[in-house]
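# Coordinate inspection notes
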Amino acid sequence: MIVDHVRLRALANRNVTAGGSSPAEAAIVAEHLVESNLRGHDSHGVGMLVAYVRDLEGGTLKVNQTPEIVSDTGTISVWDARAGYGQVVARQAVEWAIEAAQKHGVAVNGLRNAHHIGRVGAYGEIAAGAGMVALHFVNVASGPPPVAPFRGREGRFLTNPVCIAIPGTDNNASILLDFATSRVALGKVRVAHNAGKPMLDGALLDHKGQPTTDPSVMHSEPRGVVLPFGEHKGSGLALVCELLAGAIVGSASVTTPTPPERGIINGMLSIVIDPGRLSMRDSMMSEIDAMISWVKSAKPADQDLPVLVAGEPERMARAARIADGIEIDDTTWAQLSAIAERYQIRVDT
Ligand code: NAD
């Protein structure tokens, strides 16, 4: 099924609204989900609505929440999202951090207990768009952990993403490094499973610890595991994401004893820096341009695969998907249609 992004946004908006969200909340969540699809991250696109409906019905996602401001010194704040839509509160937290960094040069926000904040790059993009450098470390608390530590074959982490954003220049868009510390985001295993496609090599072990490309090992018992990216390096980054966004921010952690159903809870530590406090804007911008040109000037190992910088694949995917529409696999479409029927939501793609 190929769907135009405007229609998909309208459908997502009706879906979130049917869950009881205000028009403003529904618009932000729908925008975030469809922008994830547009950037090629279907794992964090409209397919997530299936989990959101499950969590709304289970009471682990709460609509129209105002975050509790736990503390605020002007440069460091801690917010508790009270299980509200992460897309809304994480955006507000980053907007707070940008404003504080504009005043003080740097700002730190600890966000606790947000329901799924989605594509972390969305927040890096907002900060970089305001001329800021941003670092985001995220943990996830949601049922049994599916990601094994290096050398392990039992899950000890969730997919704990990290995002680092560097502002763009007059000649180049911002650098946006944004990825899960697992070899692949869990949603990509779901997308492959739904589409009946194999996963890439080196991403999964079955329950016996044997390498496999079959995504169904994460969707049937006994479960397999997803591996961390980059062996001990990704495993180490997953650990510090967990500690920075969980233990240090004070958000729910993978070790917190939980009821079987707690939805998808994210903690996030955001550090936003005004780079103009570190060096002169003109020399910084020309050095960023020089560095991007330098990296991209490397001869490609494969002529058909040009050297790119972080953020570029998403911009290319967005341009293509705006023009050609967004492909939604049959299983995801059937799940969304089932929700639409149950909640009497119009589907006019
Ligand atoms: P990924 O493996 O596709 O990596 C994406 C990053 O790598 C981007 O910065 C991209 O620009 C860069 N990249 C990709 N190909 C490149 C190339 N050829 N050259 C240079 N750079 C390249 O991403 P992922 O790990 O699957 O994560 C997908 C999304 O899932 C992210 O947006 C992440 O924030 C999100 N996520 C969220 C949660 C959560 O709990 N909220 C958990 C995990 C992941």
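Residues numbered from 1 in each chain as written. Predicted model: local features only at pLDDT ≥ 70, side-chain atom pairs only at ≥ 80, totals over all residues. Heavy atoms only, no water.

## Quick notes on the packing of helix H1 (residues 5-18) against helix H2 (residues 23-38)
At their nearest, the axes of H1 and H2 sit 8 Å apart, and the two run at 140° to each other. The angle between the axes of H1 and H2 places the two elements in the oblique class. Taken as a pair, H1 and H2 cross one another with a handedness that is right-handed. Contacts between H1 and H2 involve His5, Leu8, Arg9, Ala12, Asn13, Val16 and Thr17 from the former and Ala26, Ala27, Val29, Ala30, Glu31, Val34, Glu35, Asn37 and Leu38 from the latter. For the contact of H1 with H2, the residue count by class is nine nonpolar, four polar and three charged. (Axes fitted to C-alpha atoms, helices over the stretch in contact; angles between N-to-C directions. Helix = DSSP H or I, 4+ residues; strand = E, 2+ residues; numbered from the N terminus. Parallel < 35°, antiparallel > 145°, perpendicular 65-115°, else oblique. Left-handed = near helix turned anticlockwise from the far one by under 90°. Contact = heavy atoms within 4.5 Å. Nonpolar A, V, L, I, M, F, W, Y, C, P; charged D, E, K, R; others polar.)

## Concerning the domain arrangement of the chain
When its domains are assigned, the chain resolves into domain 1 (1-58 + 311-349) and domain 2 (61-182 + 228-281). With centres defined by C-alpha atoms, the gap from domain 1 to domain 2 works out at 22 Å. Counting each side, the surface lost to burial between domain 1 and domain 2 is near 1,900 Å², with a carbon and sulfur contribution of 57%. Looking at the side of domain 1 that touches domain 2, the elements that each hand over two or more residues are H2 and helix H3 (49-58). If you tally residues by element for the side of domain 1 that touches domain 2, the top one is H2, at six residues. Among the residues making up the side of domain 1 that touches domain 2, the classes are represented as eight nonpolar, nine polar and five charged. (Domains from an automatic or database assignment. Buried area = accessible area lost by both parts, 1.4 Å probe.)

## A few points about the packing of aromatic side chains
Going through the model one piece at a time under the given rule, you end up with two aromatic pairs. On the basis of an interplanar angle of 70° and a centroid distance of 5.9 Å, the ring pair of Tyr52 and Tyr85 is categorised as edge-to-face. Here Tyr85 lies in the loop between strand E3 (76-80) and helix H4 (86-104) and Tyr52 lies in helix H3, a separation of 33 residues in the sequence. A single burial state applies to Tyr52 and to Tyr85, both of which are buried. Centre to centre, the rings of Phe179 and Phe229 are 5.2 Å apart; their planes meet at 70°, and the pair counts as edge-to-face. Placement of the pair is Phe179 in strand E7 (residues 175-179) and Phe229 in the loop between strand E10 (225-226) and helix H7 (232-248), with a sequence separation of 50 residues. (Phe/Tyr/Trp six-rings, centres within 6.5 Å; stacked < 30°, edge-to-face > 60°. Buried < 20%, exposed > 50% of the residue type's maximum accessible area, 1.4 Å probe, protein only.)

## A word on the site of the ligand
Surveying the vicinity of the ligand reveals 23 residues, the closest of which are Leu176, Asp178, Lys188, Gly311 and Glu314. Side-chain polar atom of His116 to a nitrogen atom of the ligand: 3.5 Å apart, as the coordinates give it. Val120 places a polar main-chain atom, nitrogen or oxygen, 3.0 Å from an oxygen atom of the ligand. Taken by itself the ligand offers 860 Å² of open surface, and the protein chains cover 79% of this. Those elements that place two or more of their residues in the shell around the ligand are E7 and helix H9 (312-324). With four residues, the top contributor of residues to the shell around the ligand is E7. Taken together, the residues of the shell around the ligand break down into 12 nonpolar, seven polar and four charged. Among the domains, domain 1 (1-58 + 311-349) and domain 2 (61-182 + 228-281) are the pair contributing at least three residues each to the shell around the ligand. (Near = heavy atom within 4 Å. Polar contact = N/O pair within 3.5 Å; in protein donor to acceptor, adjacent residues only side chain to side chain. Areas by Shrake-Rupley, 256 points an atom, 1.4 Å probe, with all protein chains shown as cover.)

## Section: the environment of Val46
Along the chain, Val46 turns up in the loop between H2 and H3. Classification of Val46 by relative accessible area gives buried; the value is 2%. C-alpha separation for the pair Val46 and Glu231, spaced 185 residues apart in sequence, amounts to 31 Å. If we skip the residues at most four places from it in the chain, Val46 touches Leu8, Ala12, Leu33, Val34, Asn37, Ile328 and Leu336.

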